[in-house]
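Chain by chain, the residues run as shown.
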Amino acid sequence: MSMKPFGGAWLNEQIAGACARGERTLTVSEDLEIETTVLLPSDFHLILKDCTLRMADHTFCNMFRNEHAQDQKGDSHIVLEGIRATLDGGEYNGLTEQESVKPGRPSMTVQNTILLAHVSDYEISGLRIVHQRWWGINQYACDHGYLHDLDFMADDRRYDEDG
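Below is a summary of the structure that appears in this document. (Residues numbered from 1 in each chain as written. Predicted model: local features only at pLDDT ≥ 70, side-chain atom pairs only at ≥ 80, totals over all residues. Heavy atoms only, no water.)

This brings us to the state of the cysteines. All told, the structure shown has zero disulfides when counted by the stated rule. Cys51 carries a free sulfur, and the closest cysteine sulfur to it, the one in Cys61, is 17 Å from it. (Disulfide = S-S within 2.5 Å.)

The structure is reproduced here in structure tokens:
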């Protein structure tokens, strides 16, 4: 499978372009390697159709996060819809819960495939989430969400002190 590199940056550009044109829906049908978090704005419907999005090796970021998750302003009316779409966590990057609390290490929440914070009236559907690095979907201080038709395949391999 040939993946488009820098897919996160490309997808963020596509979303921004759609919003600038007044379009609130975007359909993506390309296999993408995600190296940076894709930000989902309010009042936006992203459709992933017949594609696989895979986290790039050695990355420490969510695949998807709502646009205002970090500033707590909140977002609303976000739809992330898959049609025969897979979100793949890719290769394990070495970040564990024990490592994430050490100085200079990223928070474990960057390992969530999808992170929604302070979102209302949202929907996530039709996705296959595989090899997630921590939680497949994390919803923090959200309300009126509808999640359905989701398939998870978590990787139960782990690394211990001996490698």
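What follows deals with the nonpolar core. Residues Leu11, Leu46, Leu48, Leu53, Phe64 and Ile114 are the most contacted members of the largest nonpolar core, which totals 31 residues. Looking at this core, the element that brings in the most residues is strand 9 (residues 119-130), giving five residues. Leave out the neighbours within four places in its chain, and Leu48 touches Val28, Leu53, Phe64, Leu80, Glu81, Gly82, Ile83, Ala85, Leu87 and Leu127. (Core = buried A, V, L, I, M, F, W, Y, C linked by side-chain atoms within 4.5 Å. Buried < 20%, exposed > 50% of the residue type's maximum accessible area, 1.4 Å probe, protein only. Helix = DSSP H or I, 4+ residues; strand = E, 2+ residues; numbered from the N terminus. Contact = heavy atoms within 4.5 Å.)

A word on helix 1 (residues 7-20). It helps to recall that an α-helix has 3.6 residues per turn; residues three or four apart then point in one direction. A rise of 1.5 Å per residue sets the reference length of helix 1, with its 14 residues, at 20 Å; its end C-alpha atoms lie 20 Å apart and thus fit the reference within 8%. Here helix 1 has its buried residues at Gly7, Gly8, Trp10, Leu11, Ile15, Gly17 and Ala18. Just downstream of helix 1, Gly22 is the residue with a positive phi angle, here 80°. (Expected span 1.5 Å × (residues − 1).)

So, about the packing of aromatic side chains. Inspection of every chain in the model, using the stated rule, returns one aromatic pair. Both rings, one in Trp134 and one in Trp135, keep their centres 4.6 Å apart while their planes meet at 15°; by these two values the pair is stacked. (Phe/Tyr/Trp six-rings, centres within 6.5 Å; stacked < 30°, edge-to-face > 60°.)

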